[in-house]
Amino acid sequence: MGDPIGVGGFARVWKAKRKADGEIVALKESRDVSLGRERLRREIDVQSKLAHPHIMPILEFDPDSRWFTMPLAKGNLHELRNQLNEEDLATLIHVISDALSVAHEAKYFHRDITPKNILALENPVDGDLRWVIADWGLVRQPDSQVSQRLTKTGAALGTYGYAAPETWWNGHVATAPADVYSLGRVAAWFICNQEPAGNEELLPEGPQQHWRAFVRACTSREIARRPTSMAAVKERLDAVFLQPSVMPTEHMRVLIDDFIIQQGQDLSAIVDLALEHRESSLLYIDHLARIPSAQLEVWAAAESTNASALAQNMARHLVSMDWDNRDRDYANTPLNFVLVILKVLLSNARYGLGEDVAEEYFRAELHWNSPRQKIRTESWLERLDEKAGQAMAQALRAAGAVEYHHQSPSWQPRSVTLRTALVTQNSS
Ligand SMILES: Nc1ncnc2c1ncn2[C@@H]1O[C@H](COP(=O)(O)OP(=O)(O)OP(=O)(O)O)[C@@H](O)[C@H]1O
């Protein structure tokens, strides 16, 4: 029989000739362990159900799950790495994301995406490679179909360096974001030419810098910072190649236009770009400020620290930038961007962050002296409770904006501190 072409922890893979037509295929055979048999059963089951051009198909299988056959691959991504360039990587991520998206919709999560589990099938006519995801033995199945767990609850699954941190303690909780993480680590391994270790950050640098934001987002330790779906991974991938050729402001314009047209939910690419280009007034004032308030509110509630940083920066640009020929009324848009974030921070009791933002906001408001914005601010100040009112009174003082918001005694802010600070005692 010769040597196997591959040996894994649970199975051996052999080259075999199919009796019926002489076709050369790959035969995967479980090693003599019952867990190996169960994993093979799972692979046969899932890979037969998930028929997709980028998921390894099952050709024939043993009803007792001792073996199955599949098309013979030219090799895996690990072996073929040196023949590929970054465009090949992008194509691969694109198609693998499509395949994972179909699996995720059916509630199957692979949980072991690594360079060795992505195989290349070669088209015999033109030699083109078709990438497929193999080794679905660790897949998490829809709850109703789980027959037997392959590891104890509380045990980690996946491969060191590629498995998402949340799967380390209990692999059974891993869902779509774990596959996003592993795919990001595959990209990091490919671009940096280095094996990822544990959950140590591995980010592209120098000439490969344009991959950095993509890898950073996908491999974030915090699940909420990763792209929320495989479709969002593909959007981030498109941005990799947009970046080097366009100015950051132009890039931001495109991202914001797309976000508004598609009524998007995922702001992470936009936020990363804004955090990387804090110095660019145009990027903030002309583009970032256009994020619709409803989506901005949801994001600011989830990411208070970044929201506070963006809002402070927006307010500073409002004070320092040269307005050129812009309509003065347009200043209400970036002012309102800051106010929306400020409101969210206070309503989530983030008083410290809120105070930092408020100081910059009140300075910007004073600078612009816009009657419309003043009304908005005051009707909001009026409703604040005591704790938020105290924080805002501090910020108003620090910004030198107490006088600007002075009101007649008939104005009754709910917070006593604000009332004392803002209501002019001697007016009639
Ligand atoms: N269809 C195929 N054609 C060619 N080589 C293959 C094919 N399927 C698997 N291999 C190779 O065989 C090796 C072992 O296969 P596989 O990883 O599926 O086994 P496993 O025991 O399930 O592995 P693991 O321990 O990683 O879970 C891999 O390195 C892979 O590259």
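Quick caveat: nothing in here was measured; it's all calculated off a predicted structure. (Residues numbered from 1 in each chain as written. Predicted model: local features only at pLDDT ≥ 70, side-chain atom pairs only at ≥ 80, totals over all residues. Heavy atoms only, no water.)

## What about the UniProt feature "binding site: ATP" (unreviewed entry) in the protein chain?
Okay, so step 1: The sites that UniProt annotates as "binding site: ATP" (unreviewed entry) are Lys28.
Okay, so step 2: Mapping Lys28 onto the fold places it in strand β3 (residues 24-30).
Okay, so step 3: For Lys28, a relative accessible area of 10% translates into the label buried.
Okay, so step 4: Ignoring sequence-local partners within four residues, the contact set of Lys28 consists of Ala11, Arg12, Val13, Leu40, Glu43, Arg66, Trp67, Phe68, Met70 and Asp135. (UniProt positions renumbered as here; feature names shortened; annotations may be inferred. Helix = DSSP H or I, 4+ residues; strand = E, 2+ residues; numbered from the N terminus. Buried < 20%, exposed > 50% of the residue type's maximum accessible area, 1.4 Å probe, protein only. Contact = heavy atoms within 4.5 Å.)

## Thoughts on the sheet that holds strand β4 (residues 67-71)
Okay, so step 1: Read from one edge of the open sheet, four strands run β1-β2-β3-β4, paired in antiparallel fashion. Each having just a single partner strand, β1 (6-7) and β4 make up the two edges of the open sheet.
Okay, so step 2: In this structure, strand β2 (residues 11-17) lies alongside β3, joined through seven bridges in antiparallel fashion. Counterpart to Ala11 in the pairing with β3 is Ser30.
Okay, so step 3: The strands touched by helix α1 (residues 34-49) within the sheet are β2, β3 and β4, with β3 carrying the most contacts at an inclination of about 135°. (Pairing = 2+ DSSP bridges. Axes fitted to C-alpha atoms, helices over the stretch in contact; angles between N-to-C directions.)

## Side note on the pairing of β3
Okay, so step 1: Counting buried residues along β3, five of its seven residues qualify, which places the element largely inside the surrounding structure.
Okay, so step 2: Connecting β2 to the antiparallel partner β3 that follows it, the hairpin turn spans six residues, and Gly22 within it adopts a positive phi of roughly 75°.
Okay, so step 3: Pairing of β3 with β4 involves five bridges; the strand directions are antiparallel. Residue pairing for β4: Ala26 is matched across the bridge by Met70.

## A short note on the nonpolar core
Okay, so step 1: Leu288, Phe362 and Met392 are the most contacted members of the largest nonpolar core, which totals 64 residues.
Okay, so step 2: Of all the elements, helix α13 (residues 332-347) adds the most residues to this core, at 10 residues.
Okay, so step 3: Those residues in contact with Leu288, other than ones at most four positions away along the chain, are Met252, Ile256, Ile270, Ala274, Leu283, Leu310, Met314 and Phe337.
Okay, so step 4: Counting residues in hydrophobic clusters, the runner-up holds 42 residues, among them Val46, Trp131, Tyr162 and Cys218. (Core = buried A, V, L, I, M, F, W, Y, C linked by side-chain atoms within 4.5 Å.)

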